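The lines below spell out each chain.
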Amino acid sequence: VQLVESGGGLVQPGGSLRLSCAASGFTFSRYRMSWYRQAPGKGRELFARISSGGGSTNYADSVKGRFTISRDNPKNTVYLQMNSLKPEDTAVYYCNADPVVGGKNYWGQGTQVQVTV
């Protein structure tokens, strides 16, 4: 089982990034997918989730209107489009797979996003 995030990097405030999380080794379409982030010195925060079929999404207030989670089940990939980035978005971003019915929960290794002038 693998979840591999990519797309992180350094961006200026107001800029955009698109993260990807490629899944393998499990039935992707049977899992809710989420994005978490962890800023330096803080706990891991759940901020975006998408249902197994992609028809339902939820966001934390801190990212609502700026970030969009989506998924492509045939490609076993979940995406995070991040717009209007702020310095407080600086964190390590993780994707998470949560089974709809039974099974294990999986984590990616994380990708760093830094928003700075």
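### Observations regarding the nonpolar core
Alright, step 1. Trp35, Leu80 and Tyr93 are the most contacted members of the largest nonpolar core, which totals 29 residues.
Alright, step 2. Elements represented by at least two residues in this core include exactly β3 (17-24), β4 (31-38), β5 (44-50), β7 (67-72), β8 (77-82), β9 (91-99) and β11 (111-115).

### Here we look at the environment of Ser6
Alright, step 1. Considering the arrangement of structural elements, one finds Ser6 in strand β1 (residues 2-6).
Alright, step 2. Excluding residues within four positions of it along the chain, Ser6 makes contact with Arg18, Leu19, Ser20 and Thr111.

### Some details on the packing of aromatic side chains
Alright, step 1. Throughout the structure, instances matching the rule amount to 8 aromatic pairs.
Alright, step 2. Each ring, one from Phe47 and one from Phe67, has its centre 5.8 Å from the other, and the planes form 75°; the classification is edge-to-face. Of this pair, Phe47 sits in strand β5 while Phe67 sits in strand β7, and the two are 20 residues apart along the sequence.
Alright, step 3. For Phe47, a relative accessible area of 1% translates into the label buried.
Alright, step 4. Taking the ring centre of Tyr79 as reference, the NZ or CZ of Arg18 above it sits at 4.1 Å.
Alright, step 5. The cationic tip of Arg71 hangs over the ring face of Phe28; the distance from NZ or CZ to the ring centre is 4.3 Å.

### Things to note about the state of the cysteines
Alright, step 1. One pass over the structure, following the stated rule, counts 1 disulfide.
Alright, step 2. Across the disulfide from Cys21 sits Cys95; the S-S distance is 1.9 Å. One quick way to see it: the torsion about the S-S bond of Cys21 and Cys95 is about 45°, and its sign makes the bridge right-handed. Here the residue Cys21 occupies a position in strand β3, and Cys95 occupies one in strand β9, the gap between them amounting to 74 residues.

The rules behind these values
- Throughout, a residue's number is its position along its own chain's written sequence, starting from 1.
- The model is predicted, so local features are restricted to residues of pLDDT at least 70 and side-chain atom pairs to those at 80 or more, both for listing and for counting; the totals for chains, interfaces and linings are taken over all residues.
- The side-chain values count all of the structure's non-hydrogen atoms but skip hydrogen atoms and water molecules.
- Side-chain atoms within 4.5 Å are what join buried Ala, Val, Leu, Ile, Met, Phe, Trp, Tyr and Cys residues into a set we call a nonpolar core.
- Residue burial is assigned from relative accessible area. The probe radius is 1.4 Å, only protein chains are included, and a residue is buried under 20% of its type maximum, exposed over 50%, and partly exposed in between.
- The numbering of helices and of strands both runs from the N terminus, where a helix is a DSSP run of H or I of at least 4 residues and a strand a run of E of at least 2.
- Residues count as neighbours in contact if any of their non-hydrogen atoms are within 4.5 Å of one another.
- Planes of paired rings set the category: under 30 degrees apart is stacked, over 60 is edge-to-face and the rest tilted, where pairs are Phe, Tyr or Trp rings (Trp by its six-membered ring) whose centres lie within 6.5 Å.
- Whether a charge lies above a ring is judged from NZ of Lys or CZ of Arg, which has to be within 6 Å of the ring centre and within 35 degrees of the ring normal.
- The disulfide criterion used throughout: a pair of cysteine sulfur atoms within 2.5 Å.

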